[in-house]
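Understanding the architecture of this molecule
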Amino acid sequence: MAVTMLGYIEQNSVIHRLSGFTKLVVFLIWSSIAMLSYDTRILIALFVVSIFIFKLSKIRFAEIKFVVLFIMGFLALNTLAIYLFAPEEGVRIYGTRHLLFELNGRYTVTLEQLFYQLNIILKYIVVTPAALLFIVTTHPSEFAASLNRVGVHYKIAFAVSLALRYIPDIQRDFHMISKVQQARGVNISPAEKLGKRLKHASSIIIPLIFSSLERIDVVSNAMELRSFGKHKSRTWYSAKPLMQLDWTVLIVSLLLFALAMIITFYDGSRFYNPF
Amino acid sequence: MNKHLSIKTIVAIGIGSAVYVILGRFLTIPTGIPNTNIETATAFLTFIAVLFGPIAGGLVGLIGHALKDSLLWGSIWWSWVLVSLFVGFFIGLFSHRIKLEEGAFGKKQIIQFNAVQLLVQAIGWFLLAPVLDIVIYAEPVNKVFTQGLVAGLANIVSAGVIGTLLLAAYAKTQSRSSSLTKEG
């Protein structure tokens, strides 16, 4: 089975050379702006900037194409659902009504609704390049070091790094168990009835859980033997020191955050109203 | 909190999150309603919560769900990730009294576990998820409540059927504390 999951992609670019800490902070700032703001101007500006940063990273589009397709599919469904449930939400938010045409019954098409849905789509795609970049340009072991640096306790940071370390192993276990069960006649295809499928799913999960519980025992014994958690803090082999470039990026993105917040909340509402 | 964080809990959080990601990626069962799946990962989350307690449950919910979202979708839907945290934590908190290690998972424990998971998940998915969706993403009210209702029902079924099966299977492998009898 093809492994369609994102992972670290090795490249030599400015973005890769940045410290994981810097990238994590920028990612957090980016998603906070996208979550808080509903200001179209800011969202568009952020989107343009993130496309530019993406170019800098030398990551080829083909390498992340499947995720982008996933997101497009999701966005399309979400947009449709919003319209079906609330065709007049935009009118309610912006307080005016510019009717374009009527479909039938409650389904009208207004400028406000189109604008509102455009904003929702923007809000979602603005985060995507930043998140994608963060994932594909930060080495997993550096990620834990950066988490620790932004204030997450090192034990939790270590748990995250364990998760990233074991995803490939568990994935291999999963496929093996799934094949074994199929060889024994368990039909996991959609042809079966719902109740049967639930039962068959458990026949895969149960062995997976037992092998994972065993793993938990082995790994925690190994860590215990090496006195994990004895001290208040720890150092990280893969932590990168902050360079001048890191500081520049950090300061610029903090300023950007402040600016975005001022523009968004300047008129007392998170929505930018052109009407 | 760190005082209570044993090495075993930390490793359980790490590996548990990895299992959550894999189950979320590869083992979902379509219900027949478009875009609504029964997530086996949720059943696994409730299992971890009962076995390792509220902190492990909450953090597997948070880390597992956030990693799954970012590795699969490239971005994180924070409102639902927070609900997973909530669900893992509170199921762990209320059902940690079920002593699986002693092999006791009979009718009483099944009812206790399901009452807890039903209540916690109902609050989480029917109420918390839509409210967070509205606060963060300003989505239409009736849309997010319908979505929460459907997802919540699917997750309750998942935990109720698969979660119960998992707990029972695990309890069976543990020797009962009262399995020894004194010979006359």
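Residues numbered from 1 in each chain as written. Chains lettered and ligands numbered in written order. Predicted model: local features only at pLDDT ≥ 70, side-chain atom pairs only at ≥ 80, totals over all residues.

- Chain B goes by UPF0397 protein SAMN04488134_107113 in an unreviewed UniProt entry, where it is assigned to Amphibacillus marinus.
- Turning to chain B, the UniProt record has this under Sequence similarities (unreviewed entry): "Belongs to the UPF0397 family."
- According to the UniProt record, the Subcellular location (unreviewed entry) comment for chain B reads "Cell membrane". (UniProt positions renumbered as here; feature names shortened; annotations may be inferred.)

- An unreviewed UniProt entry lists chain A under the name Energy-coupling factor transport system permease protein, with Amphibacillus marinus as the source organism.
- Here is the UniProt Subcellular location (unreviewed entry) comment for chain A, exactly as written: "Membrane".

A closer look at the UniProt feature "transmembrane region" (unreviewed entry) in chain A
- Within the UniProt annotation, "transmembrane region" (unreviewed entry) is assigned to residues 27-54, 66-86, 114-136 and 247-266 of chain A.
- For the annotated span residues 114-136 of chain A, helix accounts for 100% and strand for 0% of the residues, and the straight-line distance between the end C-alpha atoms is 33 Å. (Helix = DSSP H or I, 4+ residues; strand = E, 2+ residues; numbered from the N terminus.)

Regarding the UniProt feature "transmembrane region" (unreviewed entry) in chain B
Residue and element names in this part refer to chain B.
- With numbering aligned to this structure, UniProt lists the feature "transmembrane region" (unreviewed entry) at residues 6-28, 40-64, 76-94, 115-137 and 149-171.
- As annotated, residues 40-64 comprises 96% helix and 0% strand, and the C-alpha atoms at either end are separated by 13 Å.
- Secondary structure over residues 76-94 splits into 89% helix and 0% strand, and the C-alpha atoms at its two ends are 28 Å apart.

Quick word on the packing of helix 9 (residues 194-225) of chain A against helix 6 (residues 141-173) of chain B
- Look at helix 9 of chain A against helix 6 of chain B: their axes get within 10 Å of each other, and the N-to-C directions meet at 40°. It follows from the interaxial angle that helix 9 of chain A and helix 6 of chain B lie oblique. In this structure, the crossing between helix 9 of chain A and helix 6 of chain B has a hand that is right-handed. Here Leu198(A), Ala201(A), Ser202(A), Ile205(A), Ile206(A) and Ile209(A) of helix 9 of chain A lie close against helix 6 of chain B, whose contacting residues are Val161(B), Ile162(B), Leu165(B), Leu166(B) and Ala169(B).
- Classifying every residue of the contact of helix 9 of chain A with helix 6 of chain B gives 10 nonpolar, one polar and no charged. (Axes fitted to C-alpha atoms, helices over the stretch in contact; angles between N-to-C directions. Parallel < 35°, antiparallel > 145°, perpendicular 65-115°, else oblique. Left-handed = near helix turned anticlockwise from the far one by under 90°. Contact = placed C-beta atoms within 7 Å. Nonpolar A, V, L, I, M, F, W, Y, C, P; charged D, E, K, R; others polar.)

A short note on the environment of Ile123(B)
- For Ile123(B), the position within the fold is in helix 5 (residues 107-137).
- In sequence terms Ile123(B) and Ala168(B) are 45 residues apart; their C-alpha atoms lie 25 Å from each other.

Examining the packing of helix 1 (residues 7-26) of chain B against helix 3 (residues 54-73) of chain B
Residue and element names in this part refer to chain B.
- Axis separation between helix 1 and helix 3 bottoms out at 8 Å; the angle between their running directions is 40°. Between helix 1 and helix 3, the angle falls in the class oblique. In terms of crossing hand, the pair formed by helix 1 and helix 3 is right-handed. Contact residues: Thr-9, Ala-12, Ile-13, Gly-16, Ser-17, Tyr-20, Val-21, Gly-24 and Arg-25 in helix 1; Ile-55, Ala-56, Leu-59, Val-60, Ile-63, Gly-64, Leu-67, Lys-68, Leu-71 and Leu-72 in helix 3.
- Partitioned by chemical class, the residues of the contact of helix 1 with helix 3 number 12 nonpolar, five polar and two charged.

A few points about the interface of chain B and chain A
- Opposite the 50 residues of chain B that make contact, chain A presents 54 residues.
- Looking at the side of chain B that touches chain A, the elements that each hand over two or more residues are helix 1, strand 1 (28-30), helix 2 (40-52), helix 3, helix 5 and helix 6 of chain B.
- The greatest single-element share of the side of chain B that touches chain A, amounting to 16 residues, is contributed by helix 1 of chain B.
- Of the residues assigned to the side of chain B that touches chain A, the class counts are 35 nonpolar, 11 polar and four charged.

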